[in-house]
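Residue-level listing of the chains:
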Amino acid sequence: MPVPVPVLVLVLVLGGRAGGGGCQLPAEWRPLSEGCRAELAAIIVYARVLALHPDPYGAYNYLPWQRGPPGGPQQGAGDLFYSAEIELLCDQAWGSMLEVPAGSRLNLTGLGYFSCHSHTVLQGYSYFFFLRMDENYILLPHGVNFQEAIFPDTQENRRMFASLFQFSNCSQAQHVLSFSSDWEIQEDNRLMCSSVQKALFEEEDRVKKLQQKVAALEKRNKQLRDRVKKVKRSLRQARKNSRHMELVNRKLSEKLSSAGGQIPYINSLKQENSHGTYLKV
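Residues numbered from 1 in each chain as written. Predicted model: local features only at pLDDT ≥ 70, side-chain atom pairs only at ≥ 80, totals over all residues. Heavy atoms only, no water.

Per an unreviewed UniProt entry, the chain carries the name CCDC3 protein and comes from Brachypodius melanocephalos.

Shown next, in the form of structure tokens:
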């Protein structure tokens, strides 16, 4: 597989943001240090990349503008996506969920250039990997907190991750990793990281509770508005019925009045008819 050109990352990321509607993080997102994210990563390994293999267009390898379903034919993906065969140079970091010893070889997929991020490695180089395993036991990069998941093998990164590995179990060629660690400083950083995470989680919980309260109040307000609408509708109907009854009563009164004026005339006619019925003797 040809080595990808690093400049392509910037082009694809910017192109994806421009053409794909942008890559937006959650509103409550806050950056976390590598140490904090290491505590949250499912698996951490220190490994060397032995080989790279092109990956087909699939569930983990596709771009937003590729409309075809995962598993279908590639649509202009080219060599953007690939997997890597890696060899563990040390046992996995303390607390990792992967139970394999140093020297084990694993396949890592989900690598390549995506629209909003990139997970890239080069053959023959070593890296520190934050990994996770999906329900099908496939290893993928674990971008904790939407941040970097792969760290190159540099002196700075070795020192940063020195407290996570038991270097006595590393291969003989990696004796340079035996840094002396200041455990008090590391413990202070760990406590600080835990307090920061706790503060962030508490703030997220508070925001979620406030959002739930707002949603409940909006629901209650909607119910009250619906009730007011029903009362207004009933009041309008009652007024309409009242006006109709007034009109009916008025017409009935007029009829009764007109009928009452004709009663004397009817009585006089009765009297005249009654006189005509008597015969003189």
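Enquirer: Whenever I open this one, a positive patch on the surface confuses me. Can you help?
Expert: Side chains of Arg220, Arg225, Arg227, Lys229, Lys230, Lys232, Arg233 and Arg236 sit close together on the surface and give a patch of like positive charge. Overall, the relative accessible area of 40% leaves arginine 220 in the partly exposed class. (Patch = residues over 30% accessible without salt bridge, like charges linked within 9 Å, V, L, I, M, F, W, Y side chains within 5 Å. Areas by Shrake-Rupley, 256 points an atom, 1.4 Å probe, with all protein chains shown as cover. Salt bridge = Lys/Arg side-chain N within 4 Å of Asp/Glu carboxyl O. Lys, Arg positive; Asp, Glu negative; His and termini not counted. Charge placed at Lys NZ, Arg CZ, Asp CG, Glu CD. Buried < 20%, exposed > 50% of the residue type's maximum accessible area, 1.4 Å probe, protein only.)

Enquirer: So what exactly am I meant to see when it comes to the nonpolar core here?
Expert: Generally speaking, nonpolar side chains in soluble globular proteins are found buried as a group. Core analysis: the largest hydrophobic core is formed by 37 residues, its most contacted members being Ile44, Val49, Val121, Phe129, Phe130 and Phe165. Taken together, the elements giving at least two residues each to this core come down to strand S1 (43–54), strand S2 (81–88), strand S3 (105–113), strand S5 (126–133) and strand S7 (150–152). Looking at this core, the element that brings in the most residues is S1, giving 7 residues. Ignoring anything within four residues of it in the chain, the contact list for phenylalanine 165 reads Ile44, Val45, Tyr46, Cys90, Asp91, Gln92, Ala93 and Phe128. (Core = buried A, V, L, I, M, F, W, Y, C linked by side-chain atoms within 4.5 Å. Helix = DSSP H or I, 4+ residues; strand = E, 2+ residues; numbered from the N terminus. Contact = heavy atoms within 4.5 Å.)

Enquirer: Teacher, can you tell me more about the environment of aspartate 153 here?
Expert: Note that aspartate 153 resides in the loop between S7 and helix H3 (155–160). In this structure, the C-alpha to C-alpha distance between aspartate 153 and tyrosine 125, residues 28 residues apart in sequence, is 7.7 Å. When near neighbours in sequence (up to four residues on either side) are disregarded, aspartate 153 contacts Tyr46, Ser126, Tyr127, Phe128 and Arg158. Reaching out from aspartate 153, the side chain makes a polar contact with the side chain of arginine 158 at a distance of 2.6 Å. (Polar contact = N/O pair within 3.5 Å; in protein donor to acceptor, adjacent residues only side chain to side chain.)

Enquirer: Just to check I follow, could you spell out unusual backbone geometry for this structure?
Expert: Trans is the prevailing form of peptide bonds, just as negative phi is the prevailing case for residues other than glycine. One non-glycine residue, tyrosine 137, lies in the positive phi region at around 60°. Within the secondary structure, tyrosine 137 is located in the loop between S5 and strand S6 (139–141). Tyrosine 137 gets classed as exposed once you look at its relative accessible area, which sits at 68%. Even without a glycine there, the phi angle at asparagine 145 is positive, about 60°. Position of asparagine 145 among the secondary structure elements: in the loop between S6 and S7.

Enquirer: Hey, could you run me through the packing of aromatic side chains in this one?
Expert: Geometry of an aromatic ring pair is reported as the spacing of the ring centres plus the angle between the planes. Tallied over the full model, the rule gives 7 aromatic pairs. Ring pairs connect the aromatic residues Tyr46, Phe128, Phe130, Phe151 and Phe161, which therefore count as one cluster. (Phe/Tyr/Trp six-rings, centres within 6.5 Å; stacked < 30°, edge-to-face > 60°.)

Enquirer: I'm lost on the environment of phenylalanine 161 in this one. Help?
Expert: Along the polypeptide, phenylalanine 161 turns up in the loop between H3 and helix H4 (183–261). Each C-alpha atom of the pair phenylalanine 161 and alanine 38 lies 8.6 Å from the other, and the pair is 123 residues apart in sequence. For phenylalanine 161, the contacting residues outside a window of four places in its chain are Phe128, Phe130 and Phe151.

Enquirer: Teacher, can you tell me more about the side chain of serine 83 here?
Expert: Structurally, serine 83 is set in strand S2. Only 3.3 Å separates the side chain of serine 83 from the side chain of aspartate 55, close enough to count as a polar contact. Residues within four places of serine 83 in sequence aside, it is in contact with Ala51, Leu52, His53, Asp55, Leu108, Thr109 and Leu111.

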